[in-house]
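One-letter residues, chain by chain:
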Amino acid sequence: MDIKSREYVKYFRVGEMAMLKIEDDSGAYQELTCIIAQVTDVSSELAIMYDELPAILIGQEVPAILSAMVGYLHCECPVVIGKNSFEQTAFARFAGEADIRIKRNYIRQDVLIPFLFEPLRSFEKARELILSRRAAPGSATFSCEPYGESFKAVAWQGEDDLLPLRINLGGGGVRFATVDPFQRNTFLALQIFLDWPQPRVIHALLKVIRSKPFEQTPEDRPFYNWAKIRLKSQTISITAGSYDYIEAEDRQFVIDYIQKIQSSNYSIVAERVNEP
């Protein structure tokens, strides 16, 4: 459920990217991409990227909208840009409640699950493969057994067991480690194995947005550490993409699965905090 809040520090976090939207006299918006440098209970300091505050606005108070994504939450709040702002630094005073909207497709979680991907040349061929697999009874479910801290798909399609892979699973797409990168806009036919509330194979079509050799970023570090051991390769690539085709029912299964894991993680943390 969407909410309103004045806990600005909770939703506008230092180091995150944000958008400062300024309406001009014609009703059009100028959008300035920013990094949040400081946040207090009443205001924020923003480092403007790629552009700068229009000279006509410097030295006066200007109403604007500050928006940011925090995980799967979209946060938007009215602000007033202060007179002390200058070219690439804006000081924005919060001027009302922040609207917090849940963006379900942005719900994400690192998981260890069996996962298969197959590159295909075109959207049509990939979608045709997805639909045929989804319609086949033998591709809809699987037998699973515990494996380490996760589970494996036993003798999948009469072949070897599928062991769990570390992926970042989301309602809007996935991120995972490979040895070699894919070309941008490559289509991948995915098979995602979920064990809750019952074993189910999710078939989806992924369009590659980013695929390149590993860089030292916080979000990719877990994949690199895992992949160096599992993939046994000197070079590791991180591939990320968004679903170009997924049935609404399957997307809901993915979202429910992620929320179940997150709920369990929160319960474990709460129990540890409350331990005597």
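A brief structural summary. Position labels on residues start from 1 in each chain and follow its written sequence. Since the coordinates come from a predicted model, pLDDT governs what is reported: local features require at least 70, and pairs of side-chain atoms require 80 or more to be given and counted, while whole-chain, interface and lining totals use all residues. Side-chain numbers here rest on the full set of heavy atoms in the structure, without hydrogens or water.

## A few points about the packing of aromatic side chains
Here a pair means two rings of Phe, Tyr or Trp (six-membered ring of Trp) with centres within 6.5 Å. Their orientation is stacked below 30 degrees between planes, edge-to-face above 60, and tilted elsewhere. All chains considered together, the criterion is met by ten aromatic pairs. Here the aromatic cluster, defined as three or more aromatic residues joined through ring pairs, consists of F115, F117, F176 and F182. Geometrically, a lysine NZ or arginine CZ counts as sitting over a ring once it is within 6 Å of the ring centre and also within 35 degrees of the ring normal. In this arrangement the basic side chain of K21 is found over the ring face of Y29, its NZ or CZ atom lying 5.8 Å from the centre. Residue placement shows R200 over the ring face of F253; its charged tip is 3.8 Å from the ring centre.

## What to know about the nonpolar core
Side chains of a nonpolar character, in soluble globular proteins, are inclined to be buried together. I113, L169, I192 and Y243 are the most contacted members of the largest nonpolar core, which totals 39 residues. Ranked by size, the runner-up nonpolar core spans 29 residues in total, among them A18, I48, L53 and C75. Put simply, buried Ala, Val, Leu, Ile, Met, Phe, Trp, Tyr and Cys residues joined by side-chain atoms within 4.5 Å make one nonpolar core. Note on classification: 1.4 Å probe, protein chains only; a residue is buried when its accessible area is under 20% of the maximum for its type, exposed when over 50%, partly exposed between these limits.

## Looking at the side chain of S237
Each helix corresponds to a stretch of at least 4 residues labelled H or I by DSSP, and each strand to a stretch of at least 2 residues labelled E; elements are numbered beginning at the N terminus. Along the chain, the position of S237 falls in strand β17 (residues 237–245). On the accessibility criterion, S237 (2% relative accessible area) is buried. Two residues form a contact once any of their heavy atoms are found within 4.5 Å. Ignoring sequence-local partners within four residues, the contact set of S237 consists of F176, A177, T178, V179, D180, P181, K212, P213 and F214.

## Quick notes on the side chain of T186
By the element assignment, T186 lies in the loop between β14 (173–178) and β15 (187–194). Note on T186: relative accessible area 16%, which makes it buried. Residues adjacent in sequence count toward polar contacts only when both atoms are side-chain atoms; beyond that, a polar contact is any pair of N or O atoms within 3.5 Å, and within protein one must be able to donate a hydrogen and the other to accept it. Within the structure, T186 has its side chain in polar contact with the backbone oxygen of Q183 (distance 2.6 Å). With near-sequence residues (within four places) excluded, T186 lies in contact with P119, L206, K207 and V208.

## Considerations on the pairing of β14
Among the six residues that make up β14, six are buried, leaving the element largely enclosed by the rest of the structure. The alternating pattern of β14 places G173, R175 and A177 on one face and V174, F176 and T178 on the opposite face, and all of these are buried. Alignment of strand β13 (residues 165–170) against β14, held across three bridges, turns out to be antiparallel. Directly across from I167, in β14, lies its bridge partner F176. Pairs of strands are assigned from DSSP output, requiring at least two bridges between the strands. Between the antiparallel neighbours β13 and β14 lie two residues. Across six bridges, the pairing between β14 and β17 is antiparallel. By the bridge assignment for β17, G173 is matched with S242.

All we've got here are geometric facts, nothing functional implied.
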